[in-house]
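Coordinate inspection notes
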Amino acid sequence: MSQATGGALIAHFEQERTRLRAVAHRMLGSFAEADDALQDAWLRVEKADTSEVENPAAWLTTVVGRVCLNMLRDRKEHAFEMPDPVIDTREEPEHLAVAADEVGLAMLVVLDTLKPDERLAFVLHDMFAVPFDDIAPLIDKTPTATRQLASRARKRVQDRPQPNVDLPKQREVVTAFLRASREGDLEGLVSVLHPDVTLKAGALEVIGGRTVAGRASLFRKYATMAEIQFALIGGEIGFVTWVNGVLFSVMAFTVRDDKIVAIHVIQDKEQLAALV
C-alpha cells in the first residue's frame, strides 16, 4: 500500500469525519467534546510526519483515540451528567437500519463508568475493530494486557439492560407506559415495568417497579398538556416532550421481553438545546 502524504491524510480525515466523530462520541459521551477532540486531532494531522502512514483510516482512528484518552484522563470529578444520545425523530423504515448502529443511553452510561484505558480498549476494539496491537501503544501496555482491559470492560457492558431488537414492540410498550402515565394508572405502569427497572434522571437513580411507577405517575401533571413526539434515541424507542412550547425532556426506554427495564431522562436545558 502506498504511503500517505499530509494532504492525502487531510482528505482522508474529511472522508472519515462521520466515523471519527462516532469514535470520539463513544469515547467521551458528549457531542461537544467529540467535536473538540476532532478539532485537536485535525491539528495533529496537519503537523504530523505522515511519511510512514500506510493505512490512513486506521492511523486517524488511533489519533482520535489518543486525543480522547487524554481528555478522559484530564477530566475532573464532577456530578453525574447524562451522556448525549443520538436522537432521530424520523421513524420511517429507511432510518431504522441506521438507528440499529447507534449506541443507546444505557450503553453510554455504562461506558462513562469505565476507566479511561478500559474505555479506549473496548471502544476501539469491540466497536471499531481496531487490533489490540494498534491500541496497546496508546496506553503503554502490551497487547495481552490491552485485551484484558477490553475483556473487563466488555463484562461491564454486557451486564447493562439490553433491549429487544423489535422496535414496533418497543413502541407498543412505551405507548402503554405513556397512556398509563397520562391516566395516573399506577397499576398500569407497574404492569409494563420490570420489577427491577432502573430510572436515571441526572444524579437521581430510582430502582424497582412500584417505586419507579410512583415517580412516573407524576408525569400526569404535565402529560395532558404536553406535546410528545416519539423518537429513536440511541437506536431505542423514546420520546421528546415539550410543555407550553418549551422543550422539557428526552426520555429513553430500554424494553426487554415486553417490559421496560431501564428509563433514562434528560432534562438539563443546555444539554437539551444541543441535542434537539
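The structure this text deals with has already been given above.
All residue numbers here refer to positions counted from 1 along the written sequence of the relevant chain. Where totals are concerned, whole chains, interfaces and linings use all residues; where local detail is concerned, this predicted model gives features only for residues with pLDDT of at least 70, and gives and counts side-chain atom pairs only at 80 or more. The basis for the side-chain values is all heavy atoms of the structure; hydrogens and waters are excluded.

What follows covers the packing of helix H2 (residues 31–47) against helix H3 (residues 56–74). Working note: a packed helix pair is described by the angle between its axes plus the distance between those axes. The interhelical angle for the contact between H2 and H3, taken along N-to-C directions, is 125 degrees, at an axis separation of 9 Å. With respect to H3, the element H2 is oriented oblique. Of the two possible hands of crossing, H2 and H3 adopt the one that is right-handed. For the pair H2 and H3, contact is made by Glu-33, Asp-36, Ala-37, Leu-38, Asp-40, Ala-41, Arg-44 and Val-45 and by Trp-59, Leu-60, Val-63, Val-64, Arg-66, Val-67, Cys-68, Asn-70 and Met-71, respectively. Interaxial angle, 0 to 180 degrees, is taken between N-to-C directions of lines fitted to C-alpha atoms, where a helix line uses only the stretch in contact. A helix here means a DSSP run of H or I that spans at least four residues, while a strand means a run of E at least two residues long, and both kinds are numbered starting from the N terminus. If an angle is under 35 degrees, it is roughly parallel; if it is over 145, roughly antiparallel; if it lies from 65 to 115, roughly perpendicular; otherwise it is oblique. Crossings are assigned a handedness: left-handed for a near helix turned anticlockwise from the far helix by less than a right angle, right-handed for a clockwise turn. Contacts are assigned to residue pairs that have any heavy atoms within 4.5 Å of one another.

A word on the packing of aromatic side chains. Two rings from Phe, Tyr or Trp (for Trp, the six-membered ring) form a pair when their centres sit within 6.5 Å of each other. Planes less than 30 degrees apart are called stacked, planes more than 60 degrees apart edge-to-face, and all others tilted. By the definition in use, this model includes four aromatic pairs. A ring pair is formed by Phe-13 and Trp-42, whose centres lie 5.2 Å apart and whose planes are at 75 degrees; its orientation type is edge-to-face. Pair noted here: Phe-13 is in helix H1 (residues 6–28) and Trp-42 is in helix H2, with a separation of 29 residues, a long-range link. A relative accessible area of 0% places Phe-13 in the buried class. Arg-171 extends its terminal NZ or CZ atom over the ring of Phe-230, reaching a point 4.0 Å from the ring centre. The rule is simple: take the accessible area with a 1.4 Å probe, protein chains only, and divide by the maximum for that residue type; under 20% is buried, over 50% is exposed, in between is partly exposed. Any Lys NZ or Arg CZ that is within 6 Å of a ring centre and within 35 degrees of that ring's normal is treated as a charge sitting over the ring.

Okay, the pattern of salt bridges next. Salt bridges are defined by distance alone: a side-chain nitrogen of Lys or Arg within 4 Å of a carboxyl oxygen of Asp or Glu. Taken as a whole and judged by the stated rule, the model has twelve salt bridges. For Glu-14, the salt bridge goes to Arg-17, with nearest N and O atoms at 2.9 Å. Residue Glu-14 and its partner Arg-17 are located together in helix H1, separated by three residues, close to a single helical turn. A salt bridge links Glu-187 to Arg-210; the shortest N-O distance between them is 3.0 Å. Of the two residues, Glu-187 is situated in helix H10 (residues 186–192) and Arg-210 in helix H11 (residues 209–216); the sequence distance between them amounts to 23 residues. Owing to a relative accessible area of 47%, Glu-187 belongs among the partly exposed residues under this scheme.

In this scheme, strands are said to pair when DSSP sees at least two bridges between them. Spatially, E1-E4-E5-E6-E7-E2-E3 is the arrangement adopted by the seven strands of the open sheet, whose pairing is mixed. Edge strands, defined here as strands with exactly one partner in the open sheet, are strand E1 (87–88) and strand E3 (204–207). Of the strands in this sheet, strand E2 (193–201), E3 and strand E7 (259–266) touch H11, which is tilted by about 50 degrees from E2.

Next up on the list: helix H6 (residues 116–127). An ideal rise of 1.5 Å per residue puts 16 Å on twelve residues; H6 measures up with 16 Å between its terminal C-alpha atoms. Most of H6 is tucked away, with nine of its twelve residues classed as buried. Within H6, burial applies to Asp-117, Glu-118, Arg-119, Leu-120, Ala-121, Phe-122, Val-123, Leu-124 and Met-127. Just downstream of H6 lies Ala-129, where phi reads positive at about 55 degrees. Here, expected helix span is obtained from the residue count minus one, scaled by 1.5 Å.

Before going further, it helps to examine H3. Taking 1.5 Å as the rise per residue, H3 with 19 residues should run 27 Å; its terminal C-alpha atoms sit 27 Å apart, in good agreement. Those residues of H3 lying buried are Pro-56, Leu-60, Thr-61, Thr-62, Val-63, Val-64, Gly-65, Val-67, Cys-68, Leu-69 and Leu-72.

We now examine the packing of H6 against helix H8 (residues 143–158). Where H6 contacts H8, the two axes come as close as 8 Å, and the packing angle between them is 85 degrees. Here H8 runs roughly perpendicular to H6, going by the angle between their axes. Side by side, H6 and H8 meet where Asp-117, Glu-118, Ala-121, Phe-122, His-125 and Asp-126 of the first sit next to Thr-146, Leu-149, Ala-150, Arg-152, Ala-153, Arg-154 and Val-157 of the second.

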